[in-house]
Amino acid sequence: MPTNILDETYTIEVESIDIPQDRQRSEIKEDKLKELASSIREHGIIHPPVVLPMPDGRFNIVVGERRVKAAALLEWAHIEVRFAEEDTPSDELKALEFIENNHRADLSWQDRTRAVHGYHTLMTNTRENWDTSMSAAAFSISRDHTNDLIRVGKELEAGRESVVEAHSFSSARNSLD
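Described in the following lines is the structure provided in the data block. (Residues numbered from 1 in each chain as written. Predicted model: local features only at pLDDT ≥ 70, side-chain atom pairs only at ≥ 80, totals over all residues. Heavy atoms only, no water.)

**Quick word on the packing of helix 5 (residues 132-139) against helix 6 (residues 143-158)**
For step 1, the next point in the chain: In contact at an axis separation of 9 Å, helix 5 and helix 6 are set at 100 degrees when each is read in the N-to-C sense. By the criterion of interaxial angle, the relationship of helix 5 to helix 6 is roughly perpendicular. Contact residues: helix 5 offers T132, S133, S135 and A136, while helix 6 offers R143, T146, N147 and I150.
For step 2, the next point in the chain: Per-class residue counts for the contact of helix 5 with helix 6 are two nonpolar, five polar and one charged. (Axes fitted to C-alpha atoms, helices over the stretch in contact; angles between N-to-C directions. Helix = DSSP H or I, 4+ residues; strand = E, 2+ residues; numbered from the N terminus. Parallel < 35°, antiparallel > 145°, perpendicular 65-115°, else oblique. Contact = heavy atoms within 4.5 Å. Nonpolar A, V, L, I, M, F, W, Y, C, P; charged D, E, K, R; others polar.)

**Looking at the pattern of salt bridges**
For step 1, the next point in the chain: Taken as a whole and assessed by the stated rule, the structure comprises six salt bridges.
For step 2, the next point in the chain: Its salt-bridge partner being K69, residue E65 comes within 3.1 Å of it at the nearest N-O pair. Remark: K69 and E65 occur in helix 2 (residues 65-73); sequence separation between them is four residues, near one turn of the helix.
For step 3, the next point in the chain: Overall, the relative accessible area of 9% leaves E65 in the buried class.
For step 4, the next point in the chain: With its nearest N and O atoms 3.1 Å apart, the salt bridge here joins R114 to D111. Of this pair, R114 and D111 both sit in helix 4 (residues 109-126), three residues apart, which is roughly one turn of the helix.
For step 5, the next point in the chain: For R114, a relative accessible area of 37% corresponds to the partly exposed category. (Salt bridge = Lys/Arg side-chain N within 4 Å of Asp/Glu carboxyl O. Buried < 20%, exposed > 50% of the residue type's maximum accessible area, 1.4 Å probe, protein only.)

**A few points about the packing of aromatic side chains**
For step 1, the next point in the chain: Under the defined criterion, the tally for this structure stands at five aromatic pairs.
For step 2, the next point in the chain: Their ring planes at 5 degrees and their centres at 4.5 Å tell us that Y10 and F83 sit as a pair that is stacked. With Y10 in strand 1 (residues 5-13) and F83 in strand 5 (residues 78-84), this residue pair connects regions lying 73 residues apart in the sequence.
For step 3, the next point in the chain: Owing to a relative accessible area of 31%, Y10 belongs among the partly exposed residues under this scheme.
For step 4, the next point in the chain: Judged by relative accessible area, which is 15%, F83 ranks as buried.
For step 5, the next point in the chain: Measuring from ring centre to ring centre gives 5.5 Å for F59 and F83, while their planes differ by 20 degrees; the resulting arrangement is stacked. One end of the pair, F59, is in strand 4 (residues 59-63); the other, F83, is in strand 5, and 24 residues separate them in sequence. Per residue, the accessibility class of F59 equals that of F83, and both read buried.
For step 6, the next point in the chain: Following the ring pairs from residue to residue traces out a cluster consisting of Y10, F59 and F83. (Phe/Tyr/Trp six-rings, centres within 6.5 Å; stacked < 30°, edge-to-face > 60°.)

**Notes on the pairing of strand 3 (residues 50-53)**
For step 1, the next point in the chain: Across the two faces of strand 3 the burial is the same, with V50 and L52 and V51 and P53 all buried.
For step 2, the next point in the chain: Bridging between strand 3 and strand 4 involves four bridges; their strand directions are antiparallel. Note that in strand 4 the partner of V50 across the bridge is V63. (Pairing = 2+ DSSP bridges.)

**Digging into the pairing of strand 4**
Successive side chains on a regular strand alternate, one facing one side of the sheet and the next facing the other.
For step 1, the next point in the chain: Extensive coverage of strand 4 is indicated by the burial of five of its five residues.
For step 2, the next point in the chain: As defined by bridge partners, strand 2 (residues 17-18) adjoins strand 4 across two bridges and the pair is classed as parallel. Considered in strand 4, the bridge of I17 is made with F59.
For step 3, the next point in the chain: In this antiparallel pair of consecutive strands, strand 3 and strand 4, the connection spans five residues, and G57 shows a positive phi of 90 degrees.

So this is what it looks like as structure tokens:
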């Protein structure tokens, strides 16, 4: 676990957790959220969400948005969380979100592409000598596929019609050739 995430868990009110608008995941499927809520009802939360304490006493979600929404769906008043240290650089928090979400099977091709592109852009802007191979290693994917994701991600971000309207990643990638 990164050193900027505290090992201890804390119990806080579910209502006190805010979900910022700039989250990497653009959609959460209702049926998948209900499945997660059912699993949490039966087994509890195995990996507590990570939140960042805010000066106003509220918390911003860092990772675990679906777990928080499932707890709300279950009408839980409280949830166990881990805290990110308040002085954690925002780029590290965003990188943590990108890495965690990449391992989710239910991400759309667009969200996965945005995750890799966003992570790579963030890291190249904040880390000296960061390259595509390092981003590939972070996501456990090939360098060639990482290059494709970054290329398609740039066009997706720019709103290129052929990419935005594509039904699959391969269709989006092929529209650029």
